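Chains, contacts and geometry: an overview
The lines below spell out each chain.
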Amino acid sequence: MEYVGEHLWIGKAGNLFVILSFVFALLASISYFFAARNNDAAPSWLKIARISFRFHGLSVLGIVAALFIMLMNHYFEYEYVWHHSNKEMPMRYILSCFWEGQEGSFLLWTFWHVVIGLILQKTAKNFEAPVMAIVSLVQAFLASMLLGIFIFEHRIGSNPFTVLLREHPDFANIPLFKSANYLEKLDGRGLNPLLQNYWMTIHPPTLFLGFALTVVPFAYAIAGLWKKQFNEWLKPALPWTFFAVAILGIGILMGGAWAYEALSFGGFWAWDPVENASLVPWLTLVGAAHLMLINKNEGQSLFTAFFLSILTFILILYSTFLTRSGILGESSVHAFTDLGMSGQLLIYLFFFLILGIALLIVNWKKIPRQKEEESIWSREFWMFVGAIVLLVSSFQIMFYTSMPVWNKLFDLNKAPLKDVIHFYNNWQLPFAFIVTILIAVGQYFKYKNTDVKQFIKKISLSFVVSFVFTGLFIYILDFANGYYAILMFSSIFAAVANLDYIIRVLSGKLKKAGASVAHIGFALVMLGVLISTSKKEIISQNTSGKSVSSLGDNFSNNENIVLTQGDTLPMGKYYATYVGRRTEGINVMFDVDYFTRDAAGKFQKEFSLAPLIQMNPRMGNSPEPDTRHYPSFDLYSHITYAELETIQEKQAATKDEYTEAKTASMKQGDTIFSSNAIIIFDSLSTNLNNDKLQLANEDIAVKAHLRVLDVAGVKYEATPVYMIKNNSVQPIASKVDQLGLQFMFWKIDPQSGKVEISLQEKKANIKDFIVMQAIIFPYINILWIGCIVMFLGTLLAIWERIKKTKN
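Here we summarise the structure given alongside this text. This is a predicted model, so every value here is computed, not measured.

Across its full length, the protein chain carries 22 helices and 23 strands. Summarising its shape, the C-alpha atoms of the protein chain cover approximately 120 × 85 × 50 Å along the three principal directions. The 807 residues of the protein chain split such that 53% are buried. Partitioning the intrachain contacts of the protein chain with sequence separation of at least 6 by distance along the chain shows that 69% fall at a separation of at least 24.

See the structure below:
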């Protein structure tokens, strides 16, 4: 059959670019390798290598262009386009579609390496050949991830240009594809609802740029070991390393901001395995950067600088394996499914791991080492300690993150941690304390040795000021946890001491204060995280009288409030009213008004929030929070349960049906509630028409008198009858049709005087309602301010480092 409307030319072009990308990357790597051998033919090899890498770059751009053309024009004949987009999706999320799949994210990573490689060709100078040999080899491995070819029945890579009806035969059996014009009726699966957020258009490219930048210190370290230039590689690698620290750090923090705004777990960091997989390389990279500084100034800790530079890139590859091999299973909501590339990913990982270890072993005795031990009062000693603390911290995180790997390797069958956040927080708190203390005091130490009295004199003011501020914070925030109080002090101390260093030691010269500014930013991040998470307050205690426990084990009345449309309930210092729902595209938005009461008791509207549920029948609906931001706190709210079928549809479909009966044991004067009335048990009577009921002398009939008051105070009466006739209970129902209520009288207990009354409501009575969680995050803006300050400080330090390098 000849299909109508297929655009096979773009796929063929894309496949050609994929092959050319791999071939030219491999050729560039080989050429750079021979150029680095410093033989007579080196200039010729260098020329070939440069041209090859540029053609590789053009090929990557060709792949990118082809994939974007396919996505923007909805070419659903291609599996990647069909899998990750649809016609309903706003065009602004095309970027998210591009890198949602494994193939697109590998391509994004490859693209950034192209940009970095082209810059290195211009700036690496004598290191160009060995450094670019490594970068090009990494590119060859990444390019192979897109090949999608079979060698001896083993698939190499996953190609984004496969056609549904050619490379995916399962689709051919679907009736839709029996038609030559199948594309007219075909729509895509759509983008994952969690990714339909503006953060996901900037977070992944930033994060992958951070991943890509780690190849530079790795390549320089390998080049230094390879060419026996054990110290020379540090100078050109240092600015790149700090730039990688800045970009990868901001990428991780963007992920936290996305989680805070788009996910509904109630926070910005959940110690998810994928989050951990990006955090760990950043920690070791920070350690590597500081050890490079030590060696540049004092010629010490060189082996550890080599080790951490290599380890960081290896951890990036290991993280790639964790998140793309499918081994994490259901332990992470962010992990990719397995596309059959686990073996290839392991080859990629072990190749560079073995290369790094081999070069370290071969050069073990040749790597220069300090002739004398560092003084305990020297800056380099404590910077080294800080790097080791970061290494141990990263080991703890990665060890437990890798539990699915250990389960598979050793058949351990260890269950996932129940309270992941509490577990990691407890482990990481001591590391955070040590690091913040070192950040506070580190710059006051001098290289080689420090006068102890001068050190104490300089640091004393910051220590006292920090102690006072900590006491004030503990009093204001009512901190009861001693460990948190200690971390609060160390974080405040780190910020105050570095600010003091800028003012008194650097005389306010910000150009030279990049490191101190970055340290202040990090301290503010730690302080913001500590306060906002430890003192967060869940204000959505359920005061509705309608329990949420029936909705599942995850629903607690202490955290989830039931808001019925039109009702106003207290929530913390606010009163919340569920106004109603509205639909905007694929989003169902639930409007909630927040009020406060003035001294006279009158309600004053403060603001409105509209948490939403994004409807996606194919992938599952996704709740998205809404947050009110204030200088001193955020009020974060999200829907935990809602009936997504509209009330109008439900009422029309169940006009005369009653809900399941609810039975209450009542004595005279007791009260029960329906959705629209208050029911009071007034009395019993035996004054009935026995003839009408056809009662025999041995039969019994008792009438219950129920007073029913609606929300307007209008009174109705219900008189259900409890009757024993012919030795069987035959109750007679009583209805209040105006309110859609029906009552049954089931039992009398003469001893206690209690009766059992069941209540049913017409389903048409049911009002729209939501179950919502609302959380106050105090002083969370300290965290976001710290992120910005840390990023700006790192950039300032990089700029100053580049200027020094040029001079």
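What follows covers the pairing of strand β15 (residues 677-685). Bridge count for strand β14 (residues 671-673) against β15 is three bridges, and the pairing is antiparallel. Of the residues in β15, the one forming a bridge with Ile672 is Ile679. With antiparallel pairing between neighbouring strands as the criterion, β14 and β15 make up a hairpin whose turn holds three residues. As defined by bridge partners, β15 adjoins strand β16 (residues 700-710) across eight bridges and the pair is classed as antiparallel. Within β16, the residue paired with Leu684 across the bridge is Ala704.

Between its first and last C-alpha atoms helix α1 (residues 8-35) spans 40 Å; for 28 residues at 1.5 Å apiece the expected length is 40 Å, and the two agree. Along α1, the residues that are buried comprise Ile10, Gly11, Gly14, Val18, Ser21, Phe24, Ala25, Ala28, Ser29, Ser31, Tyr32 and Ala35. Close packing links the buried residues of α1 with α2 (42-72), α5 (102-123) and α6 (128-144).

What follows deals with the pattern of salt bridges. By the definition in use, this model includes seven salt bridges. In this structure, Asp768 engages Arg581 in a salt bridge whose closest nitrogen and oxygen atoms are separated by 2.8 Å. A residue pair is termed long-range when its members are at least 10 positions apart, and Asp768 in the loop between β22 (754-761) and β23 (769-778) and Arg581 in strand β6 (residues 574-584) qualify at 187 residues. Looking at Arg581, the relative accessible area reads 22%, which means it is partly exposed. In this structure, the salt-bridge partner of Asp682 is Arg707, at a minimum N-O distance of 2.9 Å. Of this pair, Asp682 sits in strand β15 while Arg707 is found in strand β16, placing the two residues 25 residues apart along the sequence. The exposure class of Asp682 is partly exposed, given its relative accessible area of 26%. Among the ionic contacts, a cluster of salt bridges with common partners joins Arg582, Glu584 and Asp591.

Let's shift gears to the packing of aromatic side chains. Throughout the structure, instances matching the rule amount to 59 aromatic pairs. With 5.0 Å between their ring centres and 85° between their planes, Phe381 and Trp382 make a pair best called edge-to-face. On the basis of relative accessibility, which here comes to 26%, the residue Trp382 falls in the partly exposed class. Among the aromatic side chains, those forming a connected cluster through ring pairs are Trp269, Trp271, Phe395, Phe399, Tyr400, Trp406, Phe423, Tyr424 and Trp427. Seen from the ring of Trp226, Lys227 lies directly overhead, with NZ or CZ sitting 5.9 Å from the centre. Over the face of the ring belonging to Phe106 we find Arg324, whose NZ or CZ atom lies 4.1 Å from the ring centre.

Turning our eyes to something else, we now look at the packing of helix α8 (residues 199-213) against helix α9 (residues 215-226). In the contact formed by α8 and α9, the axes pass within 5 Å of each other and the chain directions differ by 5°. One element, α8, and the other, α9, form an angle in the roughly parallel class. Contacts from Phe211, Ala212 and Leu213 of α8 reach α9 at Val215, Val216 and Pro217. Looking at the contact of α8 with α9 residue by residue, the classes come out as six nonpolar, no polar and no charged.

This part takes up the side chain of Ser96. Here Ser96 is to be found in helix α4 (residues 94-100). Among residues more than four places away in sequence, those in contact with Ser96 are Leu191, Leu195, Met200 and Thr201.

Right, let's get into the pairing of strand β11 (residues 626-629). Pairing analysis gives four bridges linking β11 to strand β12 (residues 633-642), with the strands arranged antiparallel. In the strand pairing of β12, His629 is matched with Asp634. If you look at the hairpin formed by β11 and β12, you'll find three residues sitting between the two strands.

One non-glycine residue with positive phi stands out, namely Asn726, at about 55°. As for its position among the elements, Asn726 is in the loop between β18 (721-725) and β19 (728-729). Exposure remark for Asn726: the relative accessible area of 60% places this residue in the exposed category. The backbone phi angle of Tyr779 is positive, close to 55°, even though this residue is not glycine. Residue position: Tyr779 is located in the loop between β23 and α22 (781-806). We classify Tyr779 as partly exposed; its relative accessible area is 29%.

If you look at the biggest cluster of nonpolar residues, it comprises 192 residues, and the most contacted ones within it are Trp109, Leu120, Tyr220, Trp233, Tyr348 and Phe352. When residues in this core are grouped by element, the largest group, 18 residues, is from helix α10 (residues 234-262). The contact partners of Leu120, leaving out residues within four places of it in the chain, are Glu128, Val131, Met132, Val135, Val216, Tyr220 and Trp240. Among the nonpolar cores identified, the runner-up in size contains 23 residues, and Leu563, Val588, Phe633 and Met772 belong to it.

Okay, helix α19 (residues 514-534) next. Counted at 1.5 Å a residue, the expected span for α19 with its 21 residues is 30 Å, and the 30 Å between its end C-alpha atoms agrees. Counting buried residues in α19 gives 16 out of 21 residues, a clear majority hidden from the surface.

Attention now moves to the sheet that holds strand β20 (residues 734-736). Across the sheet, four strands lie side by side as β13-β22-β21-β20; this open sheet has antiparallel pairing. The sheet is open, and its two edges are formed by β13 (662-666) and β20, each paired on a single side. Between one strand and the next, the sheet's axes are offset by a mean angle of 25°, whatever the strand orientation. With five bridges joining them, β13 and β22 adopt antiparallel strand pairing. The residue bridging Ala664 from the neighbouring strand is Ile757, located in β22.

The grouping of Lys125, Lys235, Lys296, Lys509, Lys512 and Lys804 at the surface amounts to a positive patch. Counting through the fold element by element, Lys125 comes out in the loop between α5 and α6. Relative accessible area serves as the criterion here: at 67%, Lys125 is assigned to the exposed category.

The rules behind these values
Residues numbered from 1 in each chain as written. Predicted model: local features only at pLDDT ≥ 70, side-chain atom pairs only at ≥ 80, totals over all residues. Heavy atoms only, no water. Helix = DSSP H or I, 4+ residues; strand = E, 2+ residues; numbered from the N terminus. Buried < 20%, exposed > 50% of the residue type's maximum accessible area, 1.4 Å probe, protein only. Contact = heavy atoms within 4.5 Å. Pairing = 2+ DSSP bridges. Expected span 1.5 Å × (residues − 1). Salt bridge = Lys/Arg side-chain N within 4 Å of Asp/Glu carboxyl O. Phe/Tyr/Trp six-rings, centres within 6.5 Å; stacked < 30°, edge-to-face > 60°. Lys NZ or Arg CZ within 6 Å of the ring centre and 35° of its normal. Axes fitted to C-alpha atoms, helices over the stretch in contact; angles between N-to-C directions. Parallel < 35°, antiparallel > 145°, perpendicular 65-115°, else oblique. Nonpolar A, V, L, I, M, F, W, Y, C, P; charged D, E, K, R; others polar. Core = buried A, V, L, I, M, F, W, Y, C linked by side-chain atoms within 4.5 Å. Patch = residues over 30% accessible without salt bridge, like charges linked within 9 Å, V, L, I, M, F, W, Y side chains within 5 Å. Areas by Shrake-Rupley, 256 points an atom, 1.4 Å probe, with all protein chains shown as cover. Lys, Arg positive; Asp, Glu negative; His and termini not counted. Charge placed at Lys NZ, Arg CZ, Asp CG, Glu CD.

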